[in-house]
Amino acid sequence: MAGSVELIQTTKLYDGHRAVDGINLKVPGGSYCCLLGPSGCGKSTTLRMIAGHEAVSDGDILLDNRNVTLLSPRQRGTAMMFQNYALFPHLSCRDNVAYGLKIAGQGKAERYRAADDMLDLVTMSGFADKLPGQLSGGQQQRIALARALICRPEVVLLDEPLSALDPFLRVRMRKELKSLQRQLGLTFIHVTHSQEEAFALADLAIVMSDGRIEQSGHPRDIFEAPRTEFVANFIGGHNVLQPNSTLLPTDLHPSFSIRADQLTIEPLDVTPPNTITRLEATIVDVEFQAQFFYVETRLDDGQTVMCYLPENRMDDALVCHGQRVALHWEKSAINLFDTRATTR
Ligand code: ADP
Ligand code: MG
């Protein structure tokens, strides 16, 4: 399928600092790929190098198996949607959307026809003559998307496209992005620092840290088996624990993770079937989170263990502040990190 992207040892140096440090990545054509990681880990730099807005210091970028490392943005068949949309404030929505075709030298009638088709696609037909300042955040986002799509790119690059929207709109717009990507069959590469957003959208999620890829794969596979301590901590919902001779089996060295939703909390004298590990702990915090309770406990060696307790399994007498309880889990709940992976 058209629109595949490949990075080979792609590196970006800023004054000797490795903002992107030799990353290797294959994004199949037609996939929704999310680059996920904390601020400063190199997501935007990676995206800008794919777009051609940033020169590559070392390594290569292939689009559809064609080496585009030295090509200008316009020669690549990619389109970028920027973090703050970067719409021209003095141009109407129609002219904003048609801008790419104007630069390409297309006549007014033709480019306006194409722009109106795009406005239709993003359900903004009624706003063609408005200025960006007259639109809400979600509407501006649709215009920015139409502007990115007008040159018929095979690869659409989106840098934190939803971060300026309020939480309600963010969820709605992410559904629209996904449905548009499916409908058009394009490759989307979407940068976000939100694990929730990446998991909701991506066929392929790339977790980055400090200029490198920590793990890539389907969100579900990443969640079920985080490869490093960094990934387990960043995606949330996992306890990273250090074994020690008194509390936890030391063959799990140097650390392992266990999902907060795979622990059970029982009274000290109850042992459920199938559990292999039992640890005593003290409950230090209980928060109601609608579908589940967030329960924070402390082991006797000081390590914190969080549990997500389904709302229908809540027992007020047992799960309350200060209570001594036993935490149980099955062997299959233990996730070992990849010892070859470097955690920095
Ligand atoms: P992210 O998008 O993941 O937040 P960036 O790709 O923007 O991260 O930045 C990665 C690193 O590169 C950061 O340390 C940042 O300070 C640095 N950086 C980004 N752009 C520049 C630049 N134009 N000049 C110098 N350093 C930069
Ligand atoms: Mg960024």
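Relevant structure appears above.
Presented here is a report on the structure given in the accompanying data block. (Residues numbered from 1 in each chain as written. Chains lettered and ligands numbered in written order. Predicted model: local features only at pLDDT ≥ 70, side-chain atom pairs only at ≥ 80, totals over all residues. Heavy atoms only, no water.)

## Things to note about the overall build of the protein
At step 1: Within the protein, the regular secondary structure consists of eight helices and 18 strands.
At step 2: When its C-alpha atoms are laid out on the principal axes, the protein stretches across 80 × 45 × 35 Å.
At step 3: Burial analysis of the protein (344 residues in total) assigns 49% to the buried set.
At step 4: Long-range contacts, defined here as pairs at least 24 residues apart, represent 64% of the contacts in the protein between residues at least 6 apart.
At step 5: Here the protein displays about 16,300 Å² of accessible surface, and carbon together with sulfur accounts for 49% of that area.
At step 6: Each charge sign in the protein was given a centre, from 34 positive and 41 negative side chains, and these centres are 9 Å apart. (Helix = DSSP H or I, 4+ residues; strand = E, 2+ residues; numbered from the N terminus. Buried < 20%, exposed > 50% of the residue type's maximum accessible area, 1.4 Å probe, protein only. Contact = heavy atoms within 4.5 Å. Areas by Shrake-Rupley, 256 points an atom, 1.4 Å probe, with all protein chains shown as cover. Lys, Arg positive; Asp, Glu negative; His and termini not counted. Charge placed at Lys NZ, Arg CZ, Asp CG, Glu CD.)

## Examining the layout of surface pockets
At step 1: A volume near 630 Å³ is recorded for the largest pocket.
At step 2: Lining of the largest pocket is provided by 23 residues; of these, Arg-74, Ala-79, Met-80, Gly-100 and Cys-151 occupy positions nearest its centre.
At step 3: Counting only elements with at least two residues in the lining of the largest pocket, the list comes to strand 6 (78-81), helix 2 (93-103) and helix 4 (137-149).
At step 4: Counting residues per element, the lining of the largest pocket draws most heavily on strand 6, at four residues.
At step 5: Classifying every residue of the lining of the largest pocket gives 17 nonpolar, four polar and two charged. (1 Å grid on protein atoms, 1.4 Å probe; cavity = no way out; pocket = protein on both sides within 12 Å on 5 of 7 lines; lining within 4 Å. Points joined across faces, edges and corners; volume = space filled by probe spheres on them. Nonpolar A, V, L, I, M, F, W, Y, C, P; charged D, E, K, R; others polar.)

## Examining the sheet that holds strand 14 (residues 277-289)
At step 1: With antiparallel pairing, five strands are arranged side by side in an open sheet as 13-17-14-15-16. Each edge of the open sheet carries a strand with a single partner, namely strand 13 (264-266) and strand 16 (304-310). Along the sheet, successive strands turn relative to each other by an average axial angle of 45°, direction set aside. (Pairing = 2+ DSSP bridges. Axes fitted to C-alpha atoms, helices over the stretch in contact; angles between N-to-C directions.)

## Focus on the sheet that holds strand 10 (residues 212-217)
The strands that make up a sheet are held in pairs by hydrogen bonds between backbone atoms, and each pair lies either parallel or antiparallel.
At step 1: Pairing is mixed across the open sheet formed by six strands, whose spatial order is 6-7-8-3-9-10. Of all the strands in the sheet, the pair left with one neighbour each is strand 6 and strand 10. Neighbouring strand axes in the sheet, compared pairwise and without regard to direction, differ in orientation by 20° on average.
At step 2: On the sheet, helix 1 (residues 43-51) packs against strand 3 (32-36), strand 6, strand 7 (155-159), strand 8 (187-192) and strand 9 (204-209) and is oriented at approximately 150° with respect to strand 7.

## A word on the pattern of salt bridges
At step 1: Going through the model one piece at a time under the given rule, you end up with 16 salt bridges.
At step 2: The partner of Glu-176 in a salt bridge is Arg-142, with the nearest N and O atoms 2.9 Å apart. In this pair, Glu-176 sits in helix 5 (residues 167-184) while Arg-142 sits in helix 4, placing the two residues 34 residues apart along the sequence.
At step 3: Since its relative accessible area comes to 28%, Glu-176 is described here as partly exposed.
At step 4: Sharing partners across several salt bridges, the network here consists of Arg-278, Glu-280, Asp-300 and Arg-324. (Salt bridge = Lys/Arg side-chain N within 4 Å of Asp/Glu carboxyl O.)

## Digging into the nonpolar core
At step 1: Judged by nonpolar contacts, the single largest core of 44 residues is most densely connected at Val-97 and Ile-143.
At step 2: In terms of residue count, helix 4 provides more of this core than any other element does, six residues in total.
At step 3: Those residues in contact with Val-97 that sit more than four places away from it in its chain are Ala-115, Met-118, Leu-119, Ile-143, Ala-146, Arg-147 and Ile-150.
At step 4: Counting residues in each nonpolar core, the second largest holds 25 residues, with Leu-7, Leu-25, Val-155 and Leu-204 among its members. (Core = buried A, V, L, I, M, F, W, Y, C linked by side-chain atoms within 4.5 Å.)

## Re helix 4
At step 1: Given a rise of 1.5 Å per residue, 13 residues ought to cover 18 Å, and the 18 Å separating the end C-alpha atoms of helix 4 matches this to within 8%.
At step 2: Counting buried positions over the 13 residues of helix 4 gives eleven, a clear majority of the element.
At step 3: The elements touched by buried residues of helix 4 are strand 6, helix 2, helix 3 (108-121), strand 7 and helix 5. (Expected span 1.5 Å × (residues − 1).)

## As for helix 3
At step 1: With 14 residues, helix 3 ought to run about 20 Å at 1.5 Å a step, and its terminal C-alpha atoms sit 20 Å apart, in line with that.
At step 2: Of the residues making up helix 3, those classed as buried are Arg-111, Ala-115, Met-118 and Leu-119. Viewed end-on, helix 3 has its buried residues packed into an arc of 100°, placing them on one side of the element. The outward face of helix 3, more than 90 degrees from its buried face, is lined by the exposed residues Ala-109, Arg-113 and Asp-120.
At step 3: Against helix 2 and helix 4 lie the buried residues of helix 3.
At step 4: Looking one or two residues beyond helix 3, the residue adopting positive phi is Thr-123, at roughly 55°. (Arc of directions from axis to C-beta.)

The analysis is restricted to geometry; functional conclusions fall outside its scope.
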